[in-house]
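Here is what each chain is made of, one letter per residue.
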Amino acid sequence: MNSAPHDAIAHPWIQRHQFVTFVALAYAFSWTLWLLAAVGGGQVPFLIGGLGPMVAAATVIRWTGGSLRTWIRPVWRWRVPVRWWAYSLGLPALLYGVISLVLQLTGAPVNWSLAFSRLPDYAAAFAFVLILGGGLEEPGWRGFGLPLLQKRLPPVRATLLLGFVWGVWHVPLYGPAGFVIPMVLAFFYTVLWNRTRSVGLCILLHASFTPAQDQLILMARDRAYTQALDAPDFVILGVYAAAVIVLIALTQGRLGAAPAIVEALSSPNSEEA
């Protein structure tokens, strides 16, 4: 792969609207393959469809004369403070511990011993997401989309926009309300990216959240994982939202970004996205 910068081949409109182009390509790639999978194409197009954000980011970078090597390098950025490793691997489990506690306090039949019996499934799901599943979205969403937005928008606004786009991308998989949870979760990723500039740790966070959502609601599956919205769903959203509010308050709205950058973007003369 030729990773050096080259002459841009994109139309000037694409040069000016790289984020819009990225989103359009990600949706077109993923939704087309997911539709093919839904009508009988099998698991292969479904899995390849999940690569849409990464493929879209690489395409826009090539079209606009950027460097693929510079873009992909943060995937291998592992030398960060230990606390951010703990954040990536432990935050989802911590949040689901709080969720189970809230459910228990509201009278739900929580069984804490399920945490041990579900560890093998948790580990298997973690490995799958890390290698083949949703973790591979991160070079697109956080490795390309978020830095692009934060050049023009303050962190909270950039995160809301990226979270909405990320969430809508999931709608074919999770239904019309499928955008809500990703839009909230996006705040946890923004802090991690801003403090570490590591796409690799964002992949680890993604690989930790997915099995936590699937395995760590510590109730019988027929009570916790239903098709309709029920108590666990509202508790999950409530705990996520409360944690995001705390995160925004603790970072004074900067979400880990440098204060000078946030101040510049928040000024009346800053350029709109």
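Rules of the game
Residue numbers run consecutively from 1 along every chain, following the written order of its sequence. Reporting in this predicted model follows two pLDDT cut-offs: at least 70 for local features of residues, and 80 or more for side-chain atom pairs to be given and counted; totals over whole chains, interfaces and linings ignore these cut-offs and use all residues. For side-chain calculations, the full set of non-hydrogen atoms in the structure is used, while hydrogens and water are omitted. A run of H or I in DSSP becomes a helix once it reaches four residues, and a run of E becomes a strand once it reaches two; helices and strands are each numbered from the N terminus. When we talk radius of gyration, it's over C-alpha atoms, and the globule rule is simply 2.2 Å times the number of residues to the 0.38. For each residue, the accessible area found with a 1.4 Å probe, counting protein chains only, is set against the maximum for its type, and the residue is called buried under 20%, exposed over 50%, and partly exposed in between. Any two residues whose heavy atoms approach within 4.5 Å are treated as being in contact. Accessible surface is estimated by sampling points in the Shrake-Rupley manner with a 1.4 Å probe; for residues, cover comes only from the protein chains shown. Positive residues here are Lys and Arg, negative ones are Asp and Glu, while His and the chain termini are left out of the count. Charge placement uses NZ in Lys and CZ in Arg. For Asp and Glu, CG and CD serve respectively. UniProt positions are given in the numbering used here, feature names are shortened, and annotations may be inferred rather than shown by experiment. In this scheme, a helix's expected span is set at 1.5 Å multiplied by one less than its residue total. This arc is taken over the directions from the axis of the helix to the C-beta atoms. Nonpolar core, defined: a set of buried Ala, Val, Leu, Ile, Met, Phe, Trp, Tyr and Cys residues in which side-chain atoms within 4.5 Å join the residues together. Domains are outlined according to an automatic or database domain assignment.

Going by the annotation in an unreviewed UniProt entry, the name recorded for the chain is CPBP family intramembrane metalloprotease, with Nakamurella antarctica given as the source organism.

Engineer: Describe in detail the overall build of the chain, supporting the description with residues and values.
Structural biologist: Within the chain, the secondary structure is distributed over 16 helices and zero strands. Since a compact globule built from 273 residues should have a radius of gyration of about 19 Å, the 19 Å found for the chain is in line with a globular shape. For the chain, the C-alpha atoms occupy an extent of roughly 60 × 50 × 35 Å along the three principal directions. For the chain, buried positions account for 48% of its 273 residues. If you take every contact in the chain between residues at least 6 apart in sequence, the share linking residues at least 24 apart comes to 74%. In the structure as shown, the chain presents an accessible area of about 13600 Å², 68% of it carried by carbon and sulfur atoms. The distance from the centre of the 17 positive side-chain charges to the centre of the 11 negative ones in the chain is 11 Å.

Engineer: Lay out the UniProt feature "domain: CAAX prenyl protease 2/Lysostaphin resistance protein A-like" (unreviewed entry) in the chain with the relevant residues and their values.
Structural biologist: Taking the UniProt record as the reference, the feature "domain: CAAX prenyl protease 2/Lysostaphin resistance protein A-like" (unreviewed entry) is found at residues 123-209. In the segment residues 123-209, helix accounts for 79% and strand for 0%; the C-alpha atoms at its two ends are 12 Å apart.

Engineer: Residue-level account of helix α15 (residues 231-250), with values.
Structural biologist: Here α15 spans 28 Å end to end across 20 residues, near enough to the 28 Å set by a 1.5 Å rise per residue. Within the sequence span of α15, burial applies to P232, V235, I236, V239, Y240, A243, V244 and L247. Buried residues of α15, viewed axially, fall in a sector of 165 degrees; they line one side. Opposite the packed face of α15, turned more than 90 degrees from it, sit the exposed residues F234, I245 and A249. The inward-facing, buried residues of α15 contact α6 (82-105), α12 (180-196), α13 (199-215) and α14 (221-224). Positive backbone phi, at 55 degrees, marks Q252, one or two positions downstream of α15.

Engineer: Account for the nonpolar core, with residues named and values stated.
Structural biologist: Within the largest apolar cluster, 71 residues are counted, with the highest numbers of intra-cluster contacts made by F22, Y87, F188, F209 and Y240. Domain assignment of the residues forming this core places at least three in each of domain 1 (1-66) and domain 2 (78-266). Leave out the neighbours within four places in its chain, and Y240 touches L95, Y96, I99, I181, V184, L185, F188, F209 and Q213.

Engineer: Before we move on, could you go through unusual backbone geometry and cite the residues and values that matter?
Structural biologist: The phi angle at Q252 is positive, at roughly 55 degrees, despite the residue not being glycine. Position of Q252 relative to the elements: it lies in the loop between α15 and α16 (259-266). Phi at L255 takes a positive value of approximately 50 degrees, unusual for a residue other than glycine. Structurally, L255 can be placed in the loop between α15 and α16.

Engineer: Got a sec to walk through the UniProt feature "transmembrane region" (unreviewed entry) in the chain? Specific residues and values, please.
Structural biologist: Those residues carrying the UniProt feature "transmembrane region" (unreviewed entry) are residues 19-38, 44-63, 84-107, 158-189 and 234-251 in this numbering. Secondary structure across residues 19-38 comprises 100% helix and 0% strand; the distance between its end C-alpha atoms is 28 Å.

Engineer: Summarise helix α8 (residues 119-131); cite the residues concerned and give the values.
Structural biologist: Between its first and last C-alpha atoms α8 spans 18 Å; for 13 residues at 1.5 Å apiece the expected length is 18 Å, and the two agree. Listed as buried for α8 are Y122, A125, F126 and V129. With its buried residues spanning 105 degrees around the axis, α8 presents them on a single face. Projecting away from the buried face of α8 at angles above 90 degrees are the exposed residues P120 and I131.

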